[in-house]
Amino acid sequence: MNPQILGVVVMFVATLLLAVPLGRYIAKVYGGQRVWTDVFFNPIERLFFKASRIDPGIEMGWKQSMIALLTINLIWFLWVLFCLLNQSWLPMNPDHNPNMTPDLAVNTAISFLVNCNLQQYSGETGVSYFSQVYGLMFLQFVSAGTGMAAAAIVFNALKDRTTDKLGNFYNYFLRSCTRILLPICILVAAIHLFEGTPMTFKGIDTMTSVQGDTMHVSRGPVAAFVAIKHVGTNGGGFFGANSAHPLENPSYLSNIVQMVAQILIPFAMVFAFGFYCNKKRLAWVFWGVMTTGFLILVVPTIIAEVHGNPYIAQMGISQPGGNMEGKEVRFGATASAFWSIATTVISTGSVNGMHDSFMPVSGMNMMLGMMINSFYGGVGVGFLNFFIYVILAVFIGGLMVGRTPEFGGKKVEAREMKIAMIIALFHPFLILSFTALASYFAAHDTNMGWWFADAAGKHNAGGWLNNPSHHGFSEMLYQYTSSSANNGSGFEGLADNNPFWNISTGIVLLFSRFLPIIGPVAIAGLMANKKFIPASGGTLKTDTGTFGMLVFAVKVIIAALAFFPALALGPIAEWMKMH
Amino acid sequence: MRSNRKEGLFKRELVADAIKQSFVKLNPRYQFRSPVMFTVEIGTMVMMFVCAWILAGEKSQGSFTYNFIIFLILLLTLLFANFAEALAEARGKAQAASLRKTREDTPAKKVEILGNMYVNEINIVSSSQLVKGDVFICEAGDIIPTDGEIIEGIATVDESAITGESAPVVRESGGDKSSVTGGTKVLSDKIKVQVTTSPGESFLDKMIALVEGASRQKTPNEIALTILLSGFTLVFIIVCVTLQPFASYAKTPIPISAYISLFVCLIPTTIGGLLSAIGISGMDRALRANVIAKSGKAVETAGDLDVLLLDKTGTITIGNRKATNFYAAKGVDKDHLIKCAVMSSMADETPEGKSIIELGGINPQSLQVENPTFIKFTAETRSSGIDFGNTQIRKGAYDAMKNKVEKAGNVFPTGTIEDVKKISSNGGTPLVVLENNVVLGVIELQDIIKTGIFERFERLRKMGVKTVMVTGDNPLTAKYIAEKAGVDD
């Protein structure tokens, strides 16, 4: 087999093999069962709870949990905003990086708070080590923990019983951080250290190259940052070039480790659901649906990238490595293509190649991954998004067999449908309406005033596009899709560090993070409160391939019908022009 | 079947009425209740204005013919949805009308009360004029005009119009079988009935109200489905609205007609348009199967059925026990047993008695019986029979007969005791026959399981419904019947 393809298969299989035991471990952690990490973490957690005067034994309802989640997130936001706005005089700033502008600081703080990590700055010059470690890296941990804790509440609510007590949010949150994220991060960071990723608090290094030129090399506590960036599906790079940067992703091995690290927990969360609720078959069906979607996106992308660019082929240049523009030679076209889809279907958004230079098919598949946003999805939240589609599928399926729809022995009624529909609606609404706004301004080349100024100091909206026509449209669509999916990767090629883009994406980010967390938790909480009806012969079986197909169909219909017109004017039009 | 449906569904008046209704229903206030069709209607109106605009000289929207065709297609879509709903409603109305006819036009033979005595002065009045407390008479062939209670007489009544039970039932004064329902037909005999309900409250009235759908509410699933459809509609509104700036960025102007066509194609128009028709026709179908669905919600709940509790007698079984076998005691000629059994049942009008004669195959008239005295069944003796000459024949329950035999100093044969036990364990009822206090043998009475019940349970099981039989019978009988009928529990 082609070694490049083999490398991709190894990544995928390794992740699956690791994810099943990890899923069992996660289920035990949330179930409060004894696990081997108790020895280290019990004393630490006790200390935390004592200091914060929280009793982890108090069970909360879904509303209480959500209030706790929102308050604690608000406090984190204010703290990081403070760091970013004052980093020039705060300690640990050897390179003397300046304070962020307010709009950029708000955008960055929101973006890291919501696990998106849309970066409209470059790590080398934009932030100090203090902000990187105590602001951004801190948020990478806690935002991942927040998503996982929300998923844990949903798991708890889907157990076969009737209750309004769904466990303690703080307890889930802390355990997610300490017992799940931290150990994996330590492992991943250690491997990166051996591969040559720097871990230092010293400033820019200067070296003389072979040709005698002086080079300035930025460095910092990269290894630790890279670990949580992937394990928590955050994706915010230490350096501007993200995982394409040689110090952030030095080798093919580190590339594999980062790949496995980012898909690992999204896989494991699905299995954890199976172990926790004792619905293992259902968990495999869910995983199967997600994997089918993932493969449908990843295979054409790999093919497109390996075949290379037809324009270059027309010039008579052979492309043995495939489309290598914007890609790293040490990874190759296949691994980069695989990465680009993996990073978009789960909400990581880290890149090891420049998505702007990928083929139109790849660009469309990346966007589709984010538009559906639940083929695996981010840590915790991916499962929550998937849950919404499951509710919709259960409802449609239930009506097809002529029974009141039920999932896990609980009836799905008008109230749950209302919430599910709002959540499912919100994603296309945010993406399409904001893209429409941006393309309206771009089409009319509106004078944006303070909202936008391009490099030349002109204020016309047309200036934010580096590429005209369909590709420019794809850039705008991608930016909002990435924001709304809390993904954080960028198509780049868009002048996005300015008030218009910072503020509009900030709004999209906030809405698209917290509503899709509150919605599923509310549905699960309402369902948990209902009478449990044991399954009978007539109940719609959810743990079958047929139901899996139904869920898949619901996703495809919603995504395809809602986004197809937009995609047709972007990547599809571009592809037609190319061929 | 086809011609039958033609008569039912596409009767000329119904269709004409439905067509009229489908235009009336274009009223936006009415359409607003169904968000999907409401948006289609708005689209239609927009197209109408676009057509007018083109006629006024606008050039950018394409040709008038093209736009007008789109307008027509949209209008037809709307009309068709309205037509389907109106037709379903009209069917319900026609049914209600025929029911109402029953209620109003049934002549009632009202008995006028003079003093405290009922005299035979009978006036024929319309059933709607009967008030609570009135008394009327029904004879064979009459339709009972309204709900009431029998105060005199006994009659067989065909209640199939209301209950769907094809076999006529016996209604008689006194006891719990005394009530009759308006709309049912008296098949035999004559009864005197006192009206128990006020006009407008009878069973028929309630049925009319149901059929008319006057109290039709949206069912929980219908509400949830409406939410789903509205959600989809909203998504596609967004899609179509945002397409405008996208298109203007790509410098490909799209005419209004294309937006509206795209929109109508995307939204779930079909389901939205037919939703209410589906609900009504569901209730209508149930009604045709003689099931009265009190509301759409009831139909829905029926779909969620998991367990069906069934009464044994009359539901799983016919209810009338029939003689199925004779078992002679040791040393007794079977023919003699049959003869005696038939004789004892000569005057027995109960279905059991008749079935014994039937099974015996002897015409009771052919038997030489002089000066018979018939002994009727009483709860005390738990036996019945016939006395003639110095012969005394009795048939009755096992323990009562055993007492009688032993009192007379005779021995109850062990072979017969075994027969009795065997019959019981097979779900039957043993009737012991005595001649002059000597045991002749046993008649086996079996509760006959209705034909086709096994297959029906099989179908229910396939639908995931568990069947449970509830009965006051002895466990052995119950078990036997349950096994025979294929009941789950």
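**Points about the overall build of chain A**
Looking only at helices and strands, chain A has 18 helices and four strands in total. A compact globule built from 579 residues should have a C-alpha radius of gyration of about 25 Å, and chain A, at 23 Å, falls within 12% of that. Each of the three principal axes of chain A carries a C-alpha extent, and together these read 75 × 55 × 55 Å. Counting only residues that meet the buried cut, chain A has 63% of its 579 residues in that class. Sequence-distant contacts in chain A: of pairs separated by 6 or more residues, those separated by 24 or more amount to 76%. By element, 67% of the accessible surface of chain A is carried by carbon and sulfur atoms, the whole surface being about 21,100 Å². A distance of 17 Å separates the average location of the 32 positive side-chain charges in chain A from that of its 27 negative side-chain charges.

**Focus: the overall build of chain B**
When its secondary structure is counted, chain B shows 18 helices and 16 strands. Relative to its 489 residues, chain B shows a buried fraction of 42%. Accessible area of chain B: about 26,100 Å², with a carbon and sulfur share of 58%.

**Topic: the pattern of salt bridges**
Residues and elements named next belong to chain A. Under the criterion given, the structure shown has 11 salt bridges over all chains. Between E45 and R179 there is a salt bridge, with its nearest N and O atoms 2.7 Å apart. Note that E45 is positioned in helix 2 (residues 38-52) and R179 in helix 7 (residues 169-195), a separation of 134 residues in sequence. Assessed through its relative accessible area of 4%, E45 is described here as buried. Classification of R179 as buried rests on a relative accessible area of 1%. Among the ionic pairs, K279 bridges to D160, the shortest N-O distance being 3.4 Å. Taken together, the positions of K279 in the loop between helix 9 (252-277) and helix 10 (280-307) and D160 in the loop between helix 6 (129-157) and helix 7 put the pair 119 residues apart, joining distant regions of the chain.

**Quick notes on the interface of chain A and chain B**
Each side of the interface is counted separately: chain A has 44 residues, and chain B has 29 residues. A combined buried area of about 2,800 Å² lies between chain A and chain B, and 77% of that area is made up of carbon and sulfur atoms. When the buried surface of chain A facing chain B is broken down by residue, R403, M421 and L425 of chain A rank first, second and third, together holding 18% of it. At the junction of chain A and chain B, the tally comes to zero salt bridges. Taken together, the elements giving at least two residues each to the side of chain A that touches chain B come down to helix 14 (381-401), helix 15 (414-444), helix 16 (469-484) and helix 18 (545-578) of chain A. Per-element tally for the side of chain A that touches chain B: the top contributor is helix 15 of chain A, with 16 residues.

**Brief notes about the packing of helix 6 of chain A against helix 14 of chain A**
Between two packed helices, what matters for the description is the angle formed by their axes and the separation of those axes. Residues and elements named next belong to chain A. Running from amino to carboxyl end, helix 6 crosses helix 14 at an angle of 45°, the nearest separation of the two axes being 8 Å. Here helix 6 is positioned oblique relative to helix 14, judged by the angle of their axes. Contact with helix 6, carried on its side by G147, A150, A151, V154 and F155, involves V381, F383, L384 and F387 of helix 14 and no other residues of that element. When its residues are assigned to classes, the contact of helix 6 with helix 14 shows eight nonpolar, one polar and no charged.

**Points about the side chain of Q319 of chain A**
Residues and elements named next belong to chain A. Mapped onto the elements, Q319 comes out in the loop between helix 11 (310-314) and helix 12 (332-345). A polar contact of 2.9 Å, which involves the side chain of Q319, links it to the backbone oxygen of N309. Look past the residues within four positions of Q319 in its chain and what remains in contact with it is H307, G308, N309, I312 and A313.

**Overview of the packing of aromatic side chains**
Residues and elements named next belong to chain A. Going through the model one piece at a time under the given rule, you end up with 53 aromatic pairs over all chains. Each ring, one from W76 and one from F173, has its centre 5.3 Å from the other, and the planes form 35°; the classification is tilted. A residue pair is termed long-range when its members are at least 10 positions apart, and W76 in helix 3 (residues 62-85) and F173 in helix 7 qualify at 97 residues. Each member of the pair, W76 as well as F173, is classed as buried. A ring pair is formed by F426 and F429, whose centres lie 6.0 Å apart and whose planes are at 50°; its orientation type is tilted. Of this pair, F426 and F429 both sit in helix 15, three residues apart, which is roughly one turn of the helix. For F426, a relative accessible area of 21% puts it in the partly exposed group. On the basis of relative accessible area, F429 is assigned to the partly exposed category, the value being 35%. Site record: aromatic cluster; members linked through ring pairs are F12, F267, F271, W284, W287, F294, F338 and Y376. For K159, the ring lying beneath its charged end belongs to Y276, and the centroid distance is 4.7 Å. Directly above the ring of F358 sits K327, whose terminal nitrogen or CZ lies 3.9 Å from the centroid.

**Thoughts on the nonpolar core**
If you look at the biggest cluster of nonpolar residues, it comprises 220 residues, and the most contacted ones within it are Y30, I265, Y376, F407, W464 and M476 of chain A. Counting residues per element, this core draws most heavily on helix 9 of chain A, at 17 residues. Excluding its chain neighbours within four sequence positions, the residues that come into contact with W464 of chain A are A438, F441, A442, M448, F452, M476, G493, L494, A495, F500 and W501 of chain A. Counting residues in hydrophobic clusters, the runner-up holds 19 residues, among them F326, I393, V433 and I443 of chain B.

**As for the packing of helix 13 (residues 360-372) of chain A against helix 18 of chain A**
Residue and element names in this part refer to chain A. As a packed pair, helix 13 and helix 18 sit with axes 9 Å apart at the nearest point and diverge in direction by 160°. Considering the angle they form, helix 13 stands roughly antiparallel to helix 18. At the point where helix 13 passes helix 18, the crossing takes the right-handed sense. For the pair helix 13 and helix 18, the contacting residues are P360, V361, M364, M367, L368, M371 and I372 in the first and K555, A559, F563, L567, P571, I572, E574, W575 and M578 in the second.

**Remarks on a nonpolar patch on the surface**
All names here are of chain A. Taken together, the side chains of W450, W451, I503, I507 and F511 present a nonpolar region at the surface, about 510 Å² in accessible area. Following the sequence through the fold, I507 ends up in helix 17 (residues 499-528). For I507, a relative accessible area of 37% gives the class partly exposed.

**Some words on the confidence of the model for chain B**
Per-chain confidence: chain B averages 76 in pLDDT, with 79% of residues scoring 70 or above. Least confident of the elements in chain B is helix 1 (residues 2-9) of chain B, whose mean pLDDT is 44; most confident is helix 4 (residues 35-55) of chain B, at 88.

**A closer look at the side chain of N373 of chain A**
Residues and elements named next belong to chain A. Relative to the helices and strands, N373 resides in the loop between helix 13 and helix 14. Note on N373: relative accessible area 8%, which makes it buried. With residues up to four places along the chain from it excluded, the contact list for N373 reads V345, N385, H427 and A485.

How each quantity is defined
Residues numbered from 1 in each chain as written. Chains lettered and ligands numbered in written order. Predicted model: local features only at pLDDT ≥ 70, side-chain atom pairs only at ≥ 80, totals over all residues. Heavy atoms only, no water. Helix = DSSP H or I, 4+ residues; strand = E, 2+ residues; numbered from the N terminus. Rg over C-alpha atoms; globule rule 2.2 N^0.38 Å. Buried < 20%, exposed > 50% of the residue type's maximum accessible area, 1.4 Å probe, protein only. Contact = heavy atoms within 4.5 Å. Areas by Shrake-Rupley, 256 points an atom, 1.4 Å probe, with all protein chains shown as cover. Lys, Arg positive; Asp, Glu negative; His and termini not counted. Charge placed at Lys NZ, Arg CZ, Asp CG, Glu CD. Salt bridge = Lys/Arg side-chain N within 4 Å of Asp/Glu carboxyl O. Buried area = accessible area lost by both parts, 1.4 Å probe. Axes fitted to C-alpha atoms, helices over the stretch in contact; angles between N-to-C directions. Parallel < 35°, antiparallel > 145°, perpendicular 65-115°, else oblique. Nonpolar A, V, L, I, M, F, W, Y, C, P; charged D, E, K, R; others polar. Polar contact = N/O pair within 3.5 Å; in protein donor to acceptor, adjacent residues only side chain to side chain. Phe/Tyr/Trp six-rings, centres within 6.5 Å; stacked < 30°, edge-to-face > 60°. Lys NZ or Arg CZ within 6 Å of the ring centre and 35° of its normal. Core = buried A, V, L, I, M, F, W, Y, C linked by side-chain atoms within 4.5 Å. Left-handed = near helix turned anticlockwise from the far one by under 90°. Patch = residues over 30% accessible without salt bridge, like charges linked within 9 Å, V, L, I, M, F, W, Y side chains within 5 Å. pLDDT = per-residue confidence, 0-100.

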